[in-house]
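The chain contents come next:
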Amino acid sequence: MLNRIVLVGRLTRDPELRSTTNGTPVVSFTLASDDTYRKGPNGEKQTIFMNCSMFGNRAETVQRYTHKGSLVAVEGRLTQRKYTNKQNVQITLTEINCDNVEFLDPKGSHPAEGYSPEVQPSEDMSQTEGGSLGAIDVSDDDLPF
C-alpha cells in the first residue's frame, strides 16, 4: 500500500513551533492549495486547506525561513488523529505529516511586503564585456522541438 502526498501552496499563517514531551521540535502550519478538479458554481477555483506538521531539526528550519504567504511544496503522508473534546464529542483530524518541505519563494522575499516574482534586470545583466547584449536571433531550425 502507498500513502504519499505532494502539494504546492501558500502558508495561511506563520508556522508555530512547539516541542513534544521528550523535547523533539515540531512545527505546524496550514497550507492553502487550489483544487484543479473542483470548480465553484461560477467556475472559480476551489481552495483546499490542509493542516501540516513536521518533526525534528527541519521543523526549526521551516519555522525560521517561512511565514504567512510563503510558497512551499510539501511531501509526506496523510494521517488521521481522533480524540474526544471537552464536550465529549469525538473529533477526527486529517493532516499531512511532512517528510520534506521545499521553499519555492526566492531567498529573502516576503509576499506580504510587495514581493513581485518578475525579475528586474540589473546593470550586471544588461551589460557584457563588449557593451550591451543586443538582440538574440533564433530561427525555427535551432529549436529542438
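Predicted model only: the values in this text are computed from it and were never measured. (Residues numbered from 1 in each chain as written. Predicted model: local features only at pLDDT ≥ 70, side-chain atom pairs only at ≥ 80, totals over all residues. Heavy atoms only, no water.)

Colleague: Whenever I open this one, the environment of Asp 105 confuses me. Can you help?
Modeller: Mapped onto the secondary structure, Asp 105 falls in the loop between β6 (90-103) and α2 (123-126). Asp 105 gets classed as buried once you look at its relative accessible area, which sits at 15%. Sequence separation between Asp 105 and Thr 66 is 39 residues; the distance between their C-alpha atoms is 9.2 Å. Only 2.9 Å separates the side chain of Asp 105 from the backbone nitrogen of Leu 71, close enough to count as a polar contact. (Helix = DSSP H or I, 4+ residues; strand = E, 2+ residues; numbered from the N terminus. Buried < 20%, exposed > 50% of the residue type's maximum accessible area, 1.4 Å probe, protein only. Polar contact = N/O pair within 3.5 Å; in protein donor to acceptor, adjacent residues only side chain to side chain.)

Colleague: Would you mind going over the pairing of β6 with me for this structure?
Modeller: Consecutive side chains along a regular strand alternate between the two faces of the sheet. Across three bridges, strand β4 (residues 45-55) lies against β6 in parallel orientation. Counted as the bridge partner of Cys 52 is Ile 96 from β6. Of the pairings in the sheet, the one linking strand β5 (residues 71-84) to β6 comprises 13 bridges and is antiparallel in character. Counterpart to Tyr 83 in the pairing with β6 is Ile 91. (Pairing = 2+ DSSP bridges.)

Function-wise, these values are silent; they only describe arrangement.
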